[in-house]
Amino acid sequence: MLDKTKDELHQMKKLADDLKGVKLAQPSVTASAPDEPAMHRALASARAATEEFGANSVEAKLAWETVEEVAASTSADAIRAPLDEECLIELIEGCEALEKFKAALESR
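Criteria and thresholds
- Residues numbered from 1 in each chain as written.
- Predicted model: local features only at pLDDT ≥ 70, side-chain atom pairs only at ≥ 80, totals over all residues.
- Heavy atoms only, no water.
- Helix = DSSP H or I, 4+ residues; strand = E, 2+ residues; numbered from the N terminus.
- Buried < 20%, exposed > 50% of the residue type's maximum accessible area, 1.4 Å probe, protein only.
- Contact = heavy atoms within 4.5 Å.
- Areas by Shrake-Rupley, 256 points an atom, 1.4 Å probe, with all protein chains shown as cover.
- Axes fitted to C-alpha atoms, helices over the stretch in contact; angles between N-to-C directions.
- Parallel < 35°, antiparallel > 145°, perpendicular 65-115°, else oblique.
- Left-handed = near helix turned anticlockwise from the far one by under 90°.
- Nonpolar A, V, L, I, M, F, W, Y, C, P; charged D, E, K, R; others polar.
- Core = buried A, V, L, I, M, F, W, Y, C linked by side-chain atoms within 4.5 Å.

**Q** I'd love a proper account of the overall build of the protein, names of residues and values included.
**A** Along its length, the protein carries 5 helices and 0 strands. Taken from the N to the C terminus, the helices and strands of the protein come in the order α-α-α-α-α. Looking at the protein residue by residue over its 108 residues, the buried ones come to 16%. Contacts in the protein between residues far apart in sequence, at least 24 positions, make up 73% of those at least 6 positions apart. By element, 58% of the accessible surface of the protein is carried by carbon and sulfur atoms, the whole surface being about 8,400 Å².

Below is the structure:
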């Protein structure tokens, strides 16, 4: 079992090392920002509906859902790049931790 784990660890380390050289493009700030005029309109409408009908009214709830939809209209690709980088870092750190664990087992 230790040999199988050793082989898998070697494969993961090789993959992590190969991926270290991959440079991910930085997302454009303008591409990820929600449409500003649409956001202002949605916020104004939601505030007006809340004031006129009350915070728990159907009208206010629908207006605030519209605000959320406008805010969520950001580019998924712009959000994904930092997450991909974070996953790669965690993969590399995991491989390093497994190597230390393996070395501790072998030193016994």
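**Q** Give a description of the packing of helix 3 (residues 36–53) against helix 4 (residues 58–71) that names residues and reports values.
**A** In the contact formed by helix 3 and helix 4, the axes pass within 8 Å of each other and the chain directions differ by 165°. By the angle between their axes, helix 3 is roughly antiparallel relative to helix 4. Between helix 3 and helix 4 lies a crossing of left-handed hand. Between helix 3, through A38, M39, A42, L43, S45, A46, R47, A49, T50 and F53, and helix 4, the contact on the second element is made entirely by E59, A60, A63, W64, T66, V67, V70 and A71. For the contact of helix 3 with helix 4, a count of residues per class yields 13 nonpolar, 3 polar and 2 charged.

**Q** Can you explain the environment of R41? Please cite residues and give values.
**A** Residue placement: R41 occurs in helix 3. Since its relative accessible area comes to 55%, R41 is described here as exposed. With 25 residues separating them along the chain, R41 and T66 place their C-alpha atoms 10.0 Å apart.

**Q** Tell me about the nonpolar core, residues and numbers included.
**A** Of all hydrophobic cores here, the largest spans 10 residues; its members are A38, M39, A42, L43, A46, A49, A60, A63, V67 and V70. Elements with a minimum of two residues in this core: helix 3 and helix 4. In terms of residues, this core owes the most to one element, helix 3, which gives 6 residues. Non-local contacts of V67, meaning those with residues more than four positions away in its chain, are made with M39, A42, L43 and A46.

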